[in-house]
Structure formats: structure tokens, C-alpha cells
Amino acid sequence: AGSSSEAAQTQRGKMLQDSGPGLGVRRVLVTGGSGLVGRAIERLVLAGEKLPGEEWTFLSSADADLTDGGQTRDAFDRYRPTHVVHLAAKVGGLFHNMSCNLDFWRKNVQINDNVLQTAHEHGVTKVVSCLSTCIFPDKTTYPIDETMIHNGPPHSSNFGYSYAKRMIDVQNRGYHQQHGRMFTAVIPTNVFGMHDNFNIEEGHVLPGLIHKTHLAHKNGSPLVVWGSGTPRRQFIYSLDLARLIIWALREYQEIEPIILSVGEEEEVSIKEAAECIVASMGFKGQVIFDTNKSDGQYKKTANNGKLRTYLPDFQFTPFSQAVKETCDWFVANYDTARK
């Protein structure tokens, strides 16, 4: 047992060196490349964040169905990545999750297993997968940190998606223990920004509210916000998250996940978020909170202390500025935005 453990450590040490900055050509494959976070990373790469020797490919579901093992292997054969940012997932908002938990479980487990096993078979140096704070236990103490992921069942509203995402952490540990792989994960809080899914029925809270406010503004009707408006969330702008994922790919060398979030003091209520959107879009009509609709979890406050030990000076975009930029983008791209 000792020698195999030492071999794994040696292998790990080699991989840490290999994944260090500036060594040879890095071919980075981003799954879910046409989604909210993928488009944000692509924007930064095109704006000059790419290092010499890096090649970035952004894979969308149109390029390969990652629930299919054969198509996943074909994509890896075609692009021969040395590094992978794994963002692809079947995602949806609270109400879509509540009605389709089995679908969310099955699709996400298929995608994650295909991507991680294919990355292993292709000798990929490093994989950074994207989890979500919804994976944390429903009954817990706050703030949540990285050690608490498996301390109890997630919220019942989206247990299928949450457990599938938790299993990435289990697989990462397994690939490291058995094969010395540097497969890790980041845990962002509620992400929003340009290229989001603004579908009112199936999207997340912020883009759904932006779309609703736009329609209410256009039609001269009241804005109806689902729920009481009291739940609190830490929102992270997609461009900030993209910067942090690029950092994690290059610099973060732990198998254990890392929470990527604004601080606890930046948490805002859904009511405050709605007010910010209303101000950004110049909506002057009535705002109604429909308390017949579910609120979901009251809060999911995450501790970003681990991130701050690595990046004490990282500057997050102010929430009001990020909301304004997202609203402006949605209005300007209304015809083509996902909705």
C-alpha cells in the first residue's frame, strides 16, 4: 500500500509541475462553452486573457451531446485537450427542478461521468469542474464552507441536480486516489450576466426577473415577483466568475473544491435584487410579490475565506453595475437572447 501511495504522490507531483503556468502548449477545452459562464470565459480570452501557448476551444451541445459516451470521446479525439473546464450541465430554475428531479439527476450524472472518464483516458493534465452552492446540505449552520458538502441531504426542491453535482467531488477524489489525477472543482454562488437563460419559467431568479421587468415595462403592466422577496443570495457576475475559473485552472492545486463567491456582507434579498433591476431598467410601475409561489431555500450563505487566502485583493464588480450591464445587454440583444 505504501509504494502505491508513494507512486500516486510522485504522479501527483509531476502533474502539479505539468499544470504549472508557461509549460508547453496548453489546449483548453471548455464544455458548456456557449452557456452563461462559457461565453464569459470566451469574452475574456478574446480580450487578451489568453497566455502564450494556450489554445482555447469552446464546445457547445451543438458540437457534441455529452450524455453520449461516443460523442464525448469523439470531441476529445478531435481537440486533444491537455486541460478541461467542465461547465456543461442540464440546468434550470427552482420550478423546473421541482418537477423534473429524476431528469436532472440522470442527465447530469451521464454528462459528468462521460467527461471525467474520457479526460482520464486521454491523459488530461487538469480538469476544473463547476459545482453549485445548491449542493450543500439544507439543514446546516451558516456560513457554509468547503468542508460541509456531504454533511446531509440537499434541499428537496432540486435534489436530483444537487446530488449529481456532489458526485463530481466524489469522482475527483476517486480519480486522484486511484490514478493521481488533478481533477478539482469550483463552487460558485448564484451566477448571472450576459448570455444567461432569461426564460421566465425555467431560468434562474435574476435573469427571470430581468425578462419580467422588461415585459412589464413594455406592456405597462405590474411586475409580479414570485415569492415573498425575503430569501437572500450571494450573486456573482459571470465575468468575475470567469476570471476566477481561469485563475483556478492555472494556479489552484487542491483536489478539494473552492467556493467562488462575494463575501457574506454582499448578500442581497430577492426584493433588493428586484429593486436594483427595476432601477436599472427605469421601470416605474407597480411591483407585486406573489406569496403563493414557493421561496425555495431562505439562504445559502457561503464563506469565501478560502478564496480570500489565495486572492485577498480580488475585486468583484459591484452588484448594481453588474445588474445594469446585464439588463442593458438583454434589452440590446432581446431578439437573440435565450428566453
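Going by the structure above, here's the rest.
My aim in this report is to walk through the structure given alongside it, one point at a time. Note on numbering: residues in each chain are counted from 1, in written sequence order. At least 70 in pLDDT is required for a residue's local features to be given in this predicted model, at least 80 for side-chain atom pairs to be given and counted, and no such filter applies to totals for whole chains, interfaces and linings, which use all residues. The side-chain figures draw on all heavy atoms in the structure; neither hydrogens nor water molecules are used.

**As for the overall build of the protein chain**
Along its length, the protein chain carries 11 helices and 12 strands. Put simply, the radius of gyration uses C-alpha atoms, and a globule should come to 2.2 Å times the residue count raised to 0.38. Relative to its length of 339 residues, the protein chain is compact, with a C-alpha radius of gyration of 20 Å against a globular reference of 20 Å. Seen through its principal axes, the protein chain has C-alpha atoms that stretch 70 × 40 × 40 Å. A simple rule labels every residue: compare its accessible area, found with a 1.4 Å probe on the protein chains alone, to the largest value its type can have, and call it buried under 20%, exposed over 50%, or partly exposed in between. Burial status across the protein chain gives 53% buried among its 339 residues. The contact definition used throughout considers only heavy atoms, calling two residues in contact when any of these lie within 4.5 Å. Pairs at least 24 apart in sequence give 82% of the contacts found in the protein chain among residues at least 6 apart. What sets the accessible areas is the Shrake-Rupley method with a 1.4 Å probe; for residues, cover comes only from the shown protein chains. Total accessible area computed for the protein chain in this model is approximately 14800 Å², and 49% of it derives from carbon and sulfur atoms. Segments assigned H or I by DSSP are reported as helices when at least four residues long, segments assigned E as strands when at least two residues long, and all are numbered from the N terminus.

**Here we look at the state of the cysteines**
Any pair of cysteine sulfurs within 2.5 Å is marked as a disulfide. Tallied over the full model, the rule gives zero disulfides. The thiol sulfur of Cys 134 is not disulfide-bonded, and the nearest other cysteine sulfur, from Cys 130, lies at 11 Å. Cys 276 carries a free sulfur, and the closest cysteine sulfur to it, the one in Cys 327, is 7.5 Å from it.

**Remarks on the packing of helix H2 (residues 36-49) against helix H8 (residues 238-251)**
Inter-axis angles, ranging from 0 to 180 degrees, are taken between N-to-C directions of lines fitted to C-alpha atoms, where helices are fitted over the stretch in contact. Viewed as axis vectors pointing N to C, H2 and H8 meet at an angle of 75°, and their least axial separation amounts to 8 Å. Regarding the angle of H2 to H8, the classification is roughly perpendicular. Here H2 contributes Leu 36, Val 37, Ala 40, Ile 41, Arg 43, Leu 44 and Glu 49 to the contact with H8, which in turn contributes Ser 238, Leu 239, Leu 241, Ala 242, Arg 243, Ile 245, Ile 246 and Arg 250. Here the residues of the contact of H2 with H8 sort into 10 nonpolar, one polar and four charged. Any angle from 65 to 115 degrees is called roughly perpendicular, while one under 35 is roughly parallel, one over 145 is roughly antiparallel, and all others are oblique. By the convention adopted, Pro, Cys, Tyr, Trp, Phe, Met, Ile, Leu, Val and Ala count as nonpolar, Lys, Arg, Asp and Glu as charged, and the other residues, Gly among them, as polar.

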